Amino acid sequence: MKLQRNNRLRAIAAGALAVSGALVLTACGSDNNTGSSSGGGGKTNASNIKCEGKGQLLASGSSAQKNAMDLWVKNFGAACKDIKINYKATGSGAGIQEWLQGKTAFAGSDSALKPEEVASSKKMCKDGQGVNLPMVGGPIAVGFNVPGVDKLTLDAKTLGEIFDSKITKWNDSAIKNLNKGVNLPDLKIQAFHRSDDSGTTDNFTKYLKAAAPSAWPHEPGKAWEGKGGQAADGSAGVSSQVKQVSGAISYFELSYATASSIKTVDLNTGASAPVQATVDNASKAISEAKVKGTGKDLALDLAYDTKAEGAYPITLVTYEIACDKGNNADTLAATKSFLTYVASEDGQASLKELGYAPLPAEIATKVRESVASLS
């Protein structure tokens, strides 16, 4: 069934609601590049995995999906002994560049290919181009470390001004107005952003630009453009800084906050009550997304400025990116075999133990069709 651009992905909410609670990691520091598996059981029916091809499959990119990728690699490797997969969490920007240079079989990215990246992909994908294959969704949390403050509400305007160094103290009147009755200290704000090109940064700044354009004058992108602040590498890097530094604030996948017991900001979106960063609340926002890709491309247009009740708007969807035509013949069979498993019912169901939101049936079906057509 052909997906129209204006098709609302209501099914996403149902798929993600099967996941209860926050994202939970089974291993810390998922930005490491060792390719080790996560500690979860990840039980899957190996008889359902079709092994084709052999040799080593290299891929890199998104750190947000690293824990999911670890589990997929572990389960797939147990069934397909002749295929060795090495996924490095280099960040979305670096992953796309390595793929465009022909160094990897596919890339992982927290944001869809930009028009110029699609144009570049046509040079590498003989008679074809790169396509975006969504695999999993989830919320981007804003974590904070303010002594004596357990609950904090912020809005897009205040966040934009904090991360652009316009608000520099935790007892600023703008923060006080959003947190009546909270004893906010006279403490310097230590705002951390990603030092590497990151799809998480891209999604976070798209939210700021969509929801508070006057407070965030910069263009969204994988590279940080805000003024001031401090930088750290990867989601593990910025989350560890929030954990350690008094007065710190940063953005990262909810799983990192859960793993390190970091408090997260509730968002004042204009709805009747502030919205918590949870999988279910992110699913409500993702359900308003539109499919903007055409043909085999399934890129999504997320609703960052939603004011729907209970919808948490700072979300991301991670994509696997490959050529629709012109993939490397030496790795094509293994790539299709692995991505077929990833998009399968077993592959998606295995994400639940990590707390990620599996793809809804409608989108998963389209992804499987796209993967099957790769050539």
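Right above here is the structure, for reference.
Predicted, not measured: the structure shown is a model, and the values here were computed from it.

Criteria and thresholds
Along each chain, the written sequence defines residue order, and numbers are assigned to residues from 1. Local features in a predicted model are, by the rule used here, given only for residues with pLDDT of at least 70; side-chain atom pairs are given and counted only at 80 or more, and totals for whole chains, interfaces and linings are based on all residues. In computing side-chain values, all of the structure's heavy atoms are included and hydrogens and water are not. By definition, any uninterrupted DSSP run of H or I lasting at least four residues is a helix, any uninterrupted run of E lasting at least two residues is a strand, and each is numbered from the N terminus. Using a 1.4 Å probe on the protein chains alone, a residue whose accessible area is under 20% of its type maximum counts as buried, one over 50% counts as exposed, and one in between counts as partly exposed. Using a 1.4 Å probe, the Shrake-Rupley method yields the accessible areas, and only the shown protein chains count as cover for residues. Disulfides are defined in this document as cysteine sulfur pairs within 2.5 Å. Note: two strands are recorded as paired if DSSP finds a minimum of 2 bridges between them. In this scheme Phe, Tyr and Trp rings, the latter by its six-membered ring, pair at centre separations within 6.5 Å, and the angle between planes marks the pair as stacked below 30 degrees, edge-to-face above 60, and tilted otherwise. Working definition of a nonpolar core: buried Ala, Val, Leu, Ile, Met, Phe, Trp, Tyr and Cys residues. They are joined through side-chain atoms within 4.5 Å. Criterion for a salt bridge: a side-chain nitrogen of Lys or Arg within 4 Å of a carboxyl oxygen of Asp or Glu. Here the expected span of a helix is defined as 1.5 Å times the quantity of residues minus one. Any pair of nitrogen or oxygen atoms within 3.5 Å is treated as a polar contact; in protein, a donor-acceptor pairing is required on top of that, and neighbouring residues in sequence qualify only through side-chain atoms on both sides.

K.L.:
Help me understand the overall build of the protein chain in this model?
P.N.:
Helix and strand counts for the protein chain come out as 13 helices and 13 strands. Residues counted as buried form 55% of the 375 residues belonging to the protein chain. Accessible surface for the protein chain amounts to roughly 14700 Å². Of this, 48% is attributable to carbon and sulfur atoms.

K.L.:
Would you take a moment to explain the state of the cysteines for this structure?
P.N.:
In protein structure, a disulfide is the covalent linkage between the sulfur atoms of two cysteines. All told, the structure shown has two disulfides when counted by the stated rule. Note on cysteine connectivity: Cys51 is disulfide-linked to Cys80, with sulfurs 2.0 Å apart. Negative torsions about the S-S bond denote left-handed disulfides, and the value of about -80° found for Cys51 with Cys80 makes this one left-handed. Here Cys80 lies in the loop between α2 (66-79) and β2 (83-88) and Cys51 lies in the loop between α1 (10-17) and β1 (55-61), a separation of 29 residues in the sequence. Owing to a relative accessible area of 2%, Cys80 belongs among the buried residues under this scheme.

K.L.:
Explain the pairing of strand β8 (residues 248-253) to me, please; I cannot follow it from the model alone.
P.N.:
Taken residue by residue, a regular strand's side chains alternate between the two faces of the sheet. Most of β8 sits out of view: six of its six residues are buried. With six bridges connecting them, strand β4 (residues 130-145) and β8 associate as antiparallel partners. Bridge pairing links Phe144 to Ile249 in β8. Relative to β8, strand β6 (residues 190-194) is paired through two bridges, and the arrangement is parallel. Of the residues in β8, the one forming a bridge with Ala191 is Ile249.

K.L.:
What's the story with the packing of aromatic side chains in this structure? I'm lost.
P.N.:
Aromatic rings considered in pairs are described by the distance between their centres and by the relative angle of their planes. In total, this model carries nine aromatic pairs according to the counting rule given. Geometrically, the ring pair formed by Phe106 and Phe338 is stacked, given 6.0 Å between the ring centres and 25° between the ring planes. Of this pair, Phe106 sits in strand β3 (residues 106-109) while Phe338 is found in helix α11 (residues 329-343), placing the two residues 232 residues apart along the sequence. Judged by relative accessible area, Phe338 falls into the buried class, the value being 0%. Between Phe204 and Tyr251 the ring centres are 4.5 Å apart and the planes differ by 10°, which places this aromatic pair in the stacked class. In this pair, Phe204 is assigned in helix α7 (residues 199-211) and Tyr251 in strand β8, connecting sequence segments 47 residues apart. In this pair, the class of Phe204 matches that of Tyr251, namely buried. Cluster of aromatic residues (ring-pair linked, three or more members): Phe163, Phe204, Trp216, Trp224 and Tyr251.

K.L.:
How do you make sense of helix α10 (residues 279-286) when you look at a structure like this?
P.N.:
Structural remark: α-helix, 3.6 residues per turn; residues separated by three or four positions point the same way. For α10, the tally of buried residues reaches six of eight residues, placing the bulk of the element in the interior. For α10, every residue scored as buried is listed here: Val279, Asn281, Ala282, Ser283, Ala285 and Ile286.

K.L.:
Sorry, what's going on with the nonpolar core here?
P.N.:
Most often, soluble globular proteins keep nonpolar side chains buried together rather than apart. Ranked by internal contacts, the top residues of the largest apolar core, which has 65 residues, are Leu152, Leu159, Phe163, Ile175 and Ile249. Per element, the largest residue contribution to this core is five residues, and it comes from strand β13 (residues 315-323). One finds Cys80, Val131, Ala322 and Val371 within the second-largest nonpolar core, a separate group that totals 37 residues.

K.L.:
Help me understand the pattern of salt bridges, please; the structure alone is not making it clear to me.
P.N.:
As a working rule, side chains carrying opposite charge can pair if their charged atoms are close by. Tallying each qualifying case throughout the model produces twelve salt bridges. The residue Lys222 makes a salt bridge to Glu117 at a minimum N-O spacing of 3.7 Å. Taken together, the residues Lys222 in the loop between α7 and β7 (230-232) and Glu117 in helix α4 (residues 115-124) connect sequence positions 105 residues apart. In terms of burial, Lys222 and Glu117 fall into one category: buried.

K.L.:
Just to check I follow, could you spell out α11 for this structure?
P.N.:
Helix length check: α11 (15 residues) gives 21 Å between terminal C-alpha atoms against 21 Å at 1.5 Å per residue, within 8%. Looking only at α11, the buried set comprises Thr331, Leu332, Ala334, Thr335, Ser337, Phe338, Leu339, Tyr341, Val342 and Ala343. With a side-chain oxygen lying 2.8 Å from the backbone nitrogen of Asp330, the N-terminal cap of α11 falls on Asn328.

K.L.:
How do you make sense of the pairing of β3 when you look at a structure like this?
P.N.:
Residues Phe106 and Gly108 of β3 are buried on one face, and the alternating residues Ala107 and Ser109, pointing to the opposite face, are buried as well. Bridge analysis of β1 against β3 gives three bridges, and the strand direction is parallel. Looking at the pairing, Gly61 lines up with Gly108 of β3. With three bridges joining them, β3 and β13 adopt antiparallel strand pairing. Paired with Gly108 across the bridge in β13 is Glu320.

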